[in-house]
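Descriptive analysis of the structure
These are the residues of each chain, in order.
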2 protein chains.
Amino acid sequence: MDDTIDHLRLIRTESVGPITYRRLMARFKTVQQALAAVPELAAAGGRAGVPKTPSRGEIEKELAALRKRGGHMLFLDQPGYPEFLAQLADPPPALAVLGDVSLLSAPSVGIVGARNASANGMRLSEELASDLAAGGLAVVSGLARGIDAAAHKGAMRSGRTIAVIAGGLDLPYPPEHEKLQSEIAANGAVLAEAPLGTAPLARHFPKRNRIIAGLVLGLVVIEAAPRSGSLLTARLANEAGREIFAVPGSPLDPRSKGANDLIRQGAHLTETAADITGNLPDHPGRAGLARDPLFQHGPAGFAERPAVFEPAFDHADLLRARREIPLLIGADPVSVDEIARRCQLSTAAIAAILLELELGGRVETLPGNRVARSPDP
Amino acid sequence: MDDTIDHLRLIRTESVGPITYRRLMARFKTVQQALAAVPELAAAGGRAGVPKTPSRGEIEKELAALRKRGGHMLFLDQPGYPEFLAQLADPPPALAVLGDVSLLSAPSVGIVGARNASANGMRLSEELASDLAAGGLAVVSGLARGIDAAAHKGAMRSGRTIAVIAGGLDLPYPPEHEKLQSEIAANGAVLAEAPLGTAPLARHFPKRNRIIAGLVLGLVVIEAAPRSGSLLTARLANEAGREIFAVPGSPLDPRSKGANDLIRQGAHLTETAADITGNLPDHPGRAGLARDPLFQHGPAGFAERPAVFEPAFDHADLLRARREIPLLIGADPVSVDEIARRCQLSTAAIAAILLELELGGRVETLPGNRVARSPDP
């Protein structure tokens with residue numbers, strides 16, 4: 001039996017993010033059992049009502065609309081899902097794709113940078129992307145103005161490119177890049193984690209950034225201000241063991257600060273495509289960020305997926321975890337590792353409580369296996 | 001008795017460079033014995049005539065002319081000679097100074113770069129120099145157009161600066177920097193290895209560069225093309241254990257290439273003076289380049305200077321060295337260490353033969369303890 005519909009129902013359930021989805025799938029033998037457990041877990045997490053789950057009909061409508069646009073849905077742990085992206089701690093459980101799905105499994109390099117880039121920055125982005133694509137690499141970027149758009153255009157000049165967007169595939173952002181998105185779909189692939197009809201909001205962009213970081217073997221930063229999204233992407237890529245490249249610039253241009261800082265921290269100083277290809281490994285440098293021992297990855301399809309998580313904690317542990325863990329999670333993101341160090345509870349107990357808190361809508365999981373208290377509704 | 005005149009006669013003797021001078025002073029008990037030995041050594045080195053040595057009267061005239069301009073002569077191993085410069089393998093045996101001699105012993109940073117610098121490069125040079133000088137460091141540069149001149153001007157805005165020039169103190173170069181040189185002499189110091197009246201030729205600039213490298217604790221490179229004099233200075237400074245700093249720039253400007261390459265090789269990426277001061281040691285990082293075991297440095301004056309070199313080789317060794325070493329030295333510079341590895345003779349025998357060959361005018365010693373065959377006269 002094809003569980004696709006039920007998986008997408010669980011993925012699209014309110015308060016179920018990528019990590020919650022994986023925790024549920026690790027804890028329950030079937031997706032149907034996981035769906036059935038959601039209301040009780042959410043109540044234990046302190047939620048007043050029941051998290052909203054879409055009906056089979058709603059999901060069928062979403063998939064039909066995607067097919068009508070010529071798109072496909074890729075699922076984590078199913079064939080075709082990008083291998084390196086799956087190594088993140090929080091890969092998107094489902095990805096909507098327009099264009100060439102096979103391109104997602106090609107070796108790739110990301111190029112990111114300022115939206116308000118200089119003419120020189122955009123020229124460098126376009127030239128590097130063109131040279132990388134001519135060398136057989138896919139070039140991944142985020143369809144934004146400035147560096148991103150230049151990278152897509154350069155890669156299309158001599159090869160193929162991948163755009164990862166923050167909203168749904170039917171809502172290109174910025175709107176003036178609608179034509180560019182169509183060209184990329186025809187000359188590569190466009191990816192979205194969000195369902196069709198999702199308008200891109202500020203909170204979607206960090207999620208988009210982690211997908212770029214997860215897809216690529218290396219990430220190139222060109223013109224990034226301190227605390228910009230590009231630097232966040234670089235941090236996520238570095239944490240996932242991907243090589244970091246940065247194009248230097250004059251200290252007199254504030255747009256150089258971020259890339260220069262990355263070089264100071266050990267990123268490869270990058271002037272030409274050879275600086276990138278000469279330092280690009282065949283595989284991510286470390287085993288990825290999947291530090292959470294609850295999860296295992298493999299080629300297994302849905303039906304064969306084993307329940308790898310058997311709760312291994314006593315009731316007293318669970319009660320203590322339920323009492324203490326919420327106190328450790330504030331508005332500032334904290335890593336799950338840090339929580340484990342602080343409370344000295346088993347990872348199994350911590351995972352169980354985080355699952356409740358997430359489904360209860362009290363905690364949200366952020367890229368990089370960090371959690372934070374949800375803003376009050 | 002004051003040996004100053006005879007030391008300067010030996011220093012100004014034809015074919016006597018800094019290393020030859022030190023070899024002679026190490027081998028003979030007094031400067032008079034060294035002067036007396038020059039003709040015989042030169043003949044052994046294959047010279048037809050006798051190397052020209054200035055008379056006492058000529059040297060007295062040089063010193064009087066220097067005094068008239070308000071200048072001083074500093075001698076290696078005498079008080080006031082810059083301590084870190086003395087740690088080179090080939091420090092200038094005598095230095096003519098205009099201005100504040102004590103400044104030469106202050107902690108200092110060099111700033112070097114392109115003559116055809118960009119407006120931004122010169123602005124950075126001036127700002128960095130001003131900030132470093134305001135922090136109490138002397139800023140050393142070469143009085144050239146572009147980055148050098150901007151560094152001197154910036155340092156004078158808030159402190160003192162040192163110019164090292166390639167020709168004599170009475171022949172500023174470029175000529176339009178005559179006024180700048182006077183200002184530096186009044187607000188710091190100007191140094192020259194060459195005697196008064198020496199017009200700066202191409203071969204003087206590498207000698208000038210090694211003095212900059214030897215004076216400073218750290219060297220900052222701003223806008224340097226590949227194979228430029230600034231990169232040679234950086235190599236000499238690095239070999240002498242000085243910290244190397246480089247200001248990054250856009251890959252689209254060829255003037256950025258040299259500094260970016262240095263960063264790739266480990267130079268400190270530099271945007272502000274804090275990047276320099278935060279990485280500046282109190283002393284050179286290694287014991288300097290004085291690898292030649294023939295030489296020892298100390299505060300001893302001329303009279304007390306011990307003869308540290310007693311030839312320790314037999315006659316057969318000497319004959320073999322005289323036959324083999326000239327064959328190892330071609331037009332391309334080769335290091336004395338490399339010669340020692342190739343011929344497997346004692347360093348004492350090698351030094352004795354190099355001394356003959358230098359005085360014979362057949363070999364010249366270059367910065368960094370390298371030698372090359374002299375161009376045919």
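All of these numbers come straight from a predicted model, not from anything done at the bench. (Residues numbered from 1 in each chain as written. Chains lettered and ligands numbered in written order. Predicted model: local features only at pLDDT ≥ 70, side-chain atom pairs only at ≥ 80, totals over all residues. Heavy atoms only, no water.)

**Describing the overall build of chain A**
For clarity, the cut-off: The way it works is that DSSP assigns letters per residue, a run of H or I at least four long becomes a helix, a run of E at least two long becomes a strand, and they are numbered from the N terminus. Here the globule rule is a power law, 2.2 Å times the number of residues to the power 0.38, and the radius of gyration is based on C-alpha atoms. Residue exposure (1.4 Å probe, protein chains only): buried if accessible area is under 20% of the type maximum, exposed if over 50%, otherwise partly exposed. A contact between two residues is defined here by any heavy atoms of the two lying within 4.5 Å. Method for areas: the Shrake-Rupley scheme with a 1.4 Å probe, in which residue coverage is limited to the protein chains shown.
When its secondary structure is counted, chain A shows 14 helices and 12 strands. For chain A, whose C-alpha radius of gyration is 21 Å, the value lies close to the compact-globule estimate of 21 Å for 377 residues. Taking the principal axes of its C-alpha atoms as reference, chain A extends roughly 60 × 45 × 40 Å. When the 377 residues of chain A are sorted by exposure, 57% land in the buried category. Across chain A, the fraction of contacts at a sequence separation of at least 24, relative to all contacts at a separation of at least 6, is 74%. Accessible surface, chain A: about 15,700 Å² in total, of which carbon and sulfur atoms supply 52%.

**Topic: the relation of the copies chain B and chain A**
For clarity, the cut-off: To line up the copies, we fit them by least squares on C-alpha atoms, keeping just the residues with pLDDT of at least 70 in both.
Of the transformation placing chain B onto chain A, the axial shift is 0.0 Å and the rotation is 180°, giving an RMSD of 0.1 Å. Expressed as a symmetry operation, the mapping of one chain copy onto the other fits a two-fold axis. Of every C-alpha in chain B, the one belonging to Gly249(B) sits nearest the axis of rotation, 2.0 Å from it. Most of the interface of chain B is mirrored in chain A, where 100% of its interface residues are also at the interface.

**Overview of the packing of aromatic side chains**
Residues and elements named next belong to chain A. What counts here: A pair of Phe, Tyr and Trp rings is counted when the ring centres sit within 6.5 Å of each other, with Trp represented by its six-membered ring. The angle between the planes then sorts it: under 30 degrees is stacked, over 60 is edge-to-face, the rest tilted.
Taken as a whole and judged by the stated rule, the model has 2 aromatic pairs over all chains. Relative to Phe 205, the ring of Tyr 173 has its centre 5.9 Å away and its plane inclined at 65°; by these criteria the two rings are edge-to-face. Remark: Phe 205 occurs in helix H8 (residues 204–215) and Tyr 173 occurs in the loop between strand S5 (161–165) and helix H7 (178–186); sequence separation between them is 32 residues. Residue classification places Phe 205 among the partly exposed positions, given a relative accessible area of 23%.

**What to know about the sheet that holds strand S10 (residues 334–335) of chain B**
Residues and elements named next belong to chain B. Inclusion rule: Paired strands, in this sense, are two strands between which DSSP finds at least two bridges.
Across the sheet, which stays open at both edges, the 3 strands sit in the order S10-S12-S11 with antiparallel pairing between neighbours. Pairing within the sheet leaves two strands with one partner each, and these edge strands are S10 and strand S11 (363–366). Summarising the sheet, S10 and strand S12 (residues 370–373) pair through 2 bridges and their orientation is antiparallel. Looking across to S12, one finds that Ser 335 is bridged to Arg 370.

**Some points on the pattern of salt bridges**
How we decide: Salt bridge, as used here: a side-chain nitrogen of Lys or Arg that lies within 4 Å of a carboxyl oxygen of Asp or Glu.
Summed over all chains, the structure comprises 48 salt bridges over all chains. Here Arg264(B) makes a salt bridge to Asp275(A), at a shortest N to O gap of 3.1 Å. Of this pair, Arg264(B) sits in helix H10 (residues 257–264) while Asp275(A) sits in helix H11 (residues 273–277), on two different chains. The class for Arg264(B) is partly exposed, based on a relative accessible area of 34%.

**Section: the interface of chain B and chain A**
Using the following cut-off: Note on terms: buried area is the combined drop in 1.4 Å-probe accessible area of two parts once they are placed together, counting the loss on both. In protein, a polar contact requires one atom able to donate a hydrogen and another able to accept it; more generally it is a pair of N or O atoms within 3.5 Å, and residues adjacent in sequence count only if both atoms are side-chain atoms.
On the chain A side, the residues contacting the 20 residues of chain B number 20 residues. Interface area, chain B with chain A, both sides summed: about 1,500 Å², of which 63% is carbon and sulfur. When the area that chain B buries against chain A is broken down by residue, the three leading residues are Pro251(B), Leu252(B) and Glu271(B), summing to 40%. Between the two partners, chain B and chain A, sit 6 salt bridges. At the surface where chain B touches chain A, the tally comes to 10 residue pairs in polar contact (both at pLDDT 80 or more). Every element with two or more residues in the side of chain B that touches chain A is listed here: helix H5 (119–134) and H10 of chain B. Looking at the side of chain B that touches chain A, the element that brings in the most residues is H10(B), giving 5 residues.

**Quick look at the side chain of Thr198(A)**
Residue and element names in this part refer to chain A. Note on placement: Thr 198 falls in the loop between strand S6 (188–192) and H8. At 2.6 Å, the side chain of Thr 198 and the backbone oxygen of Pro 195 are in polar contact. Setting aside its immediate chain neighbours within four residues, Thr 198 contacts Gly 167, Gly 168, Leu 171 and His 204.

**Quick notes on unusual backbone geometry**
All names here are of chain A. With an omega of -5°, the peptide bond running from Tyr 173 to Pro 174 counts as cis. Looking at the element boundaries, Pro 174 is found in the loop between S5 and H7. In the Ramachandran plot, Ser 15 falls in the positive-phi region, its phi being about 70° despite a non-glycine side chain. In this structure, Ser 15 sits in the loop between helix H1 (4–11) and helix H2 (18–27). One non-glycine residue with positive phi stands out, namely Arg 227, at about 65°. Looking at where Arg 227 falls in the secondary structure, it is placed in the loop between strand S7 (218–222) and helix H9 (229–239).

**Re the environment of Arg208(A)**
Residue and element names in this part refer to chain A. The residue Arg 208 is located in helix H8 in this model. For Arg 208 and Gly 142, which are 66 residues apart along the polypeptide, the C-alpha to C-alpha distance reads 7.5 Å. Beyond its immediate stretch of four places on either side in the chain, Arg 208 contacts Gly 142, Asp 148, Val 164, Ile 165 and Ala 166.

**Considering the sheet that holds strand S8 (residues 243–246) of chain B**
Residues and elements named next belong to chain B. Going by this rule: Under this scheme, a helix contributes an axis fitted over its contacting stretch, all axes are lines through C-alpha atoms, and angles between N-to-C directions fall in the 0 to 180 degree range.
Reading across from one edge, S1-S2-S6-S5-S4-S3-S7-S8-S9 is the order of the 9 strands in this open sheet, with mixed pairing throughout. Two strands bound the open sheet, and with one partner strand each, they are strand S1 (72–75) and strand S9 (268–269). Relative to strand S5 (residues 161–165), strand S4 (residues 138–141) runs parallel, the two being bridged by 3 bridges. Among the inter-strand pairings, Ser 141 is bridged to a residue of S5, identified as Ala 163. Contacting strand S2 (94–99), S5 and strand S6 (188–192), helix H7 (residues 178–186) runs over the sheet at an angle of about 120° to S6.

**A closer look at the side chain of Thr270(B)**
By the element assignment, Thr270(B) lies in the loop between S9 and helix H11 (273–277). On the accessibility criterion, Thr270(B) (0% relative accessible area) is buried. Separated by 2.9 Å, the side chain of Thr270(B) and the backbone oxygen of His268(B) make a polar contact. Beyond its immediate sequence surroundings of up to four residues, Thr270(B) is in contact with Pro251(A), Phe245(B), Ala246(B), Val247(B), Pro248(B), Asp275(B) and Ile276(B).

**Quick word on helix H4 (residues 56–68) of chain A**
Residues and elements named next belong to chain A. Where we set the bar: The span one expects for a helix is its residue count, reduced by one, times 1.5 Å. By arc we mean the arc of the directions from the helix axis to the C-beta atoms, nothing more.
Over its 13 residues, H4 runs 18 Å from end to end, which matches the ideal 18 Å to within 8%, given 1.5 Å per residue. Those residues of H4 not exposed but buried are Ile 59, Glu 62, Leu 63 and Leu 66. Looking straight down H4, one finds its buried side chains confined to an arc of 95°; they lie on one side. The exposed residues of H4 that point more than 90 degrees off its buried face are Lys 61 and Lys 68.

**Some words on the confidence of the model for chain A**
Residue and element names in this part refer to chain A. Filter applied, for reference: Each residue carries a pLDDT score, the predictor's confidence in it, ranging from 0 to 100.
Mean pLDDT for chain A: 89, with 92% of residues reaching 70 or above. For residues 287–311, every residue scores under 50 in pLDDT, and the model assigns this stretch 52 contacts once sequence neighbours within four places are set aside. Among the prediction metrics, the complex's ipTM stands at 0.79, with pTM recorded as 0.83.

**Some points on the nonpolar core**
Heads up, the rule is: Note on terminology: a nonpolar core comprises buried Ala, Val, Leu, Ile, Met, Phe, Trp, Tyr and Cys residues joined through side-chain atoms within 4.5 Å.
In terms of nonpolar packing, the biggest core is built from 76 residues, with Ile162(A) and Ile162(B) touching the most fellow members. Not counting residues within four places of it along the chain, the set of residues in contact with Ile162(A) comprises Leu103(A), Leu104(A), Ala138(A), Val139(A), Val140(A), Ser141(A), His152(A), Ala189(A), Leu191(A) and Leu215(A).

**Considerations on the packing of helix H5 (residues 119–134) of chain A against helix H6 (residues 147–158) of chain A**
Helices that pack against each other are described as a pair by the angle of their axes relative to one another and the distance between those axes. All names here are of chain A. Rules: Handedness of each helix crossing follows the sense of rotation of the near helix against the far helix: counterclockwise by less than a right angle gives left-handed, clockwise gives right-handed.
At their nearest, the axes of H5 and H6 sit 7 Å apart, and the two run at 35° to each other. Relative to H6, H5 is oriented so that their crossing is right-handed. Contacts from Gly 121, Met 122, Ser 125, Glu 126, Ala 129, Ser 130, Ala 133 and Ala 134 in H5 reach Ile 147, Ala 150, Ala 151, Gly 154, Ala 155, Arg 157 and Ser 158 in H6.

**Notes on the pairing of strand S4 (residues 138–141) of chain A**
Side-chain positions along a regular strand alternate between the two faces of the sheet. Residues and elements named next belong to chain A. Basically, it comes down to this: Note on handedness: a crossover is taken as right-handed if, strands pointing away from the viewer, the path from the first strand over the helix to the second is clockwise.
Here S4 shows two buried faces, one formed by Ala 138 and Val 140 and the other by Val 139 and Ser 141. As paired elements, strand S3 (residues 108–113) and S4 share 3 bridges and run parallel to each other. Within the sheet, the bridge partner assigned to Gly 110 lies in S4 and is Val 140. Handedness of the crossover joining S3 and S4 through H5 is recorded here as right-handed. Tracing the backbone out of S4, into H6 and back to the parallel element S5 gives a crossover that is right-handed.

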